[in-house]
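# Observations on the model geometry
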Amino acid sequence: MIDFRKKNILFNKLERKFINYNIDENNLDLILLDLNIDKTDFYSLFPKKIEDLCYFYFFRTYHMSYKEVKKKILSEKSISIKTSLLLSVFIEIFGSKKRISIFFLTYALLNPLLLSKIIYKISSKIWYDVGDKSIDFNYYSKRFILMNIIRNCLFYWRKTLDVDKTLNFANRQVTFFGKLGKRKFNAKKYISEKLNLNSI
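Model, not experiment: these values are computed from the prediction.

Turning our eyes to something else, we now look at unusual backbone geometry. For residues besides glycine, phi is generally negative; the peptide bonds are generally trans as well. We note that asparagine 36 has phi near 60°; this positive angle belongs to a residue other than glycine. Tracing the backbone through its elements, the reader meets asparagine 36 in the loop between helix H2 (28-34) and helix H3 (39-45). The class of asparagine 36 is exposed, set by a relative accessible area of 69%. Phi angles above zero are rare outside glycine, and lysine 49 is one such case at about 60°. Tracing the backbone through its elements, the reader meets lysine 49 in the loop between H3 and helix H4 (50-75). Judged by relative accessible area, lysine 49 falls into the partly exposed class, the value being 26%.

Moving on, we get to helix H8 (residues 137-160). An ideal rise of 1.5 Å per residue puts 34 Å on 24 residues; H8 measures up with 35 Å between its terminal C-alpha atoms. Note on H8: the residue one or two positions beyond its end, leucine 161, has a positive phi of about 55°.

Here we take up the nonpolar core. Core analysis: the largest hydrophobic core is formed by 54 residues, its most contacted members being Phe18, Phe42, Leu53, Phe58, Phe104 and Ile122. Per-element tally for this core: the top contributor is H4, with 11 residues. Apart from the residues lying within four places of it in its own chain, the contact partners of phenylalanine 42 are Leu10, Leu14, Leu28, Leu32, Ile37 and Leu53.

This paragraph deals with the packing of aromatic side chains. This model, assessed by the stated rule, comprises 20 aromatic pairs. Both rings, one in phenylalanine 4 and one in phenylalanine 56, keep their centres 5.4 Å apart while their planes meet at 50°; by these two values the pair is tilted. Pair noted here: phenylalanine 4 is in helix H1 (residues 2-20) and phenylalanine 56 is in helix H4, with a separation of 52 residues, a long-range link. The buried category is assigned to phenylalanine 56, whose relative accessible area is 6%. Centre to centre, the rings of phenylalanine 103 and phenylalanine 104 are 5.0 Å apart; their planes meet at 90°, and the pair counts as edge-to-face. Overall, phenylalanine 104 belongs to the buried group, its relative accessible area being 0%. Above the ring of phenylalanine 46, the side-chain terminus of lysine 7 is found at 5.9 Å from the ring centroid. The lysine or arginine in question, arginine 143, covers the ring of tyrosine 139, its NZ or CZ lying 3.7 Å from the ring centre.

Packed helix pairs are characterised by how far apart their axes lie and by the angle those axes make with each other. Here H4 crosses helix H6 (residues 98-109) at 120°, and the two axes come no closer than 10 Å. Taken together, H4 and H6 sit at an angle that is classed as oblique. In the crossing of H4 with H6, the sense of the turn from one axis to the other is left-handed. Only Ile100, Ser101, Phe103, Phe104, Leu105, Tyr107 and Ala108 of H6 make contact with H4, whose side of the interface consists of Ile50, Glu51, Leu53, Cys54, Tyr57 and Phe58. Across the contact of H4 with H6, the residue classes tally to 11 nonpolar, one polar and one charged.

Turning to the confidence of the model for the protein chain, a few remarks are in order. Residues of the protein chain with pLDDT of at least 70 account for 86%, and the chain-wide mean is 87. Per-element confidence in the protein chain ranges from a low mean pLDDT of 65 for helix H9 (residues 163-198) to a high of 96 for H4. The low-confidence segment residues 180-195 (pLDDT under 50) makes four contacts with residues lying over four places distant or belonging to another chain.

End to end, helix H7 (residues 112-129) covers 26 Å across 18 residues, agreeing with the expected 26 Å (1.5 Å per residue, within 8%). Within the sequence span of H7, burial applies to Leu114, Leu115, Ile118, Ile119, Ile122, Ser123, Ser124, Ile126, Trp127 and Asp129. Taken together, the buried residues of H7 touch H4, helix H5 (79-96), H6 and H8. Count one or two residues on from H7 and you reach glycine 131, which has phi positive near 90°.

What counts, and where the lines are drawn
- Residues numbered from 1 in each chain as written.
- Predicted model: local features only at pLDDT ≥ 70, side-chain atom pairs only at ≥ 80, totals over all residues.
- Heavy atoms only, no water.
- Helix = DSSP H or I, 4+ residues; strand = E, 2+ residues; numbered from the N terminus.
- Buried < 20%, exposed > 50% of the residue type's maximum accessible area, 1.4 Å probe, protein only.
- Expected span 1.5 Å × (residues − 1).
- Core = buried A, V, L, I, M, F, W, Y, C linked by side-chain atoms within 4.5 Å.
- Contact = heavy atoms within 4.5 Å.
- Phe/Tyr/Trp six-rings, centres within 6.5 Å; stacked < 30°, edge-to-face > 60°.
- Lys NZ or Arg CZ within 6 Å of the ring centre and 35° of its normal.
- Axes fitted to C-alpha atoms, helices over the stretch in contact; angles between N-to-C directions.
- Parallel < 35°, antiparallel > 145°, perpendicular 65-115°, else oblique.
- Left-handed = near helix turned anticlockwise from the far one by under 90°.
- Nonpolar A, V, L, I, M, F, W, Y, C, P; charged D, E, K, R; others polar.
- pLDDT = per-residue confidence, 0-100.

Below is the structure:
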């Protein structure tokens, strides 16, 4: 938590530069100097430079999303409603900081492995925060499904830069993948029942 606060302070100092300048690996040191940020402190928290800043930005956005809806999450019983709520607020906050979100999403798109790692960890965090208790194959399938929904929503937002349209798209994605999940559950149930009948 202490590291998060330190990272947040440094990130806030850099945020305007991300909006007004093209920061990259080559000019980062000059910008740190311009902002009077100690390089030793900075690289102790962000050793991979832009990659670590990108990672932090996505998770800071998720942290803000969860903080905003925490009370509703704790009082709501439906896991699907809690998941949709967290996803919607994440999109709203991400989209509200358009220029810096474009910067980091573009960077992540150019680093597909980084983007996949970020999205998977966010989807896993969402399932954990909504109280999902899966421990079998569903643990991974739920995260994979939500990971695809988040990825598709980020792609859609980058294309349209419209939060309202992206929220509508997210609802359609949740409905679509929810139906697939229900069909998979029914298929597994049918196969299980058939296997039990055959073993009698």
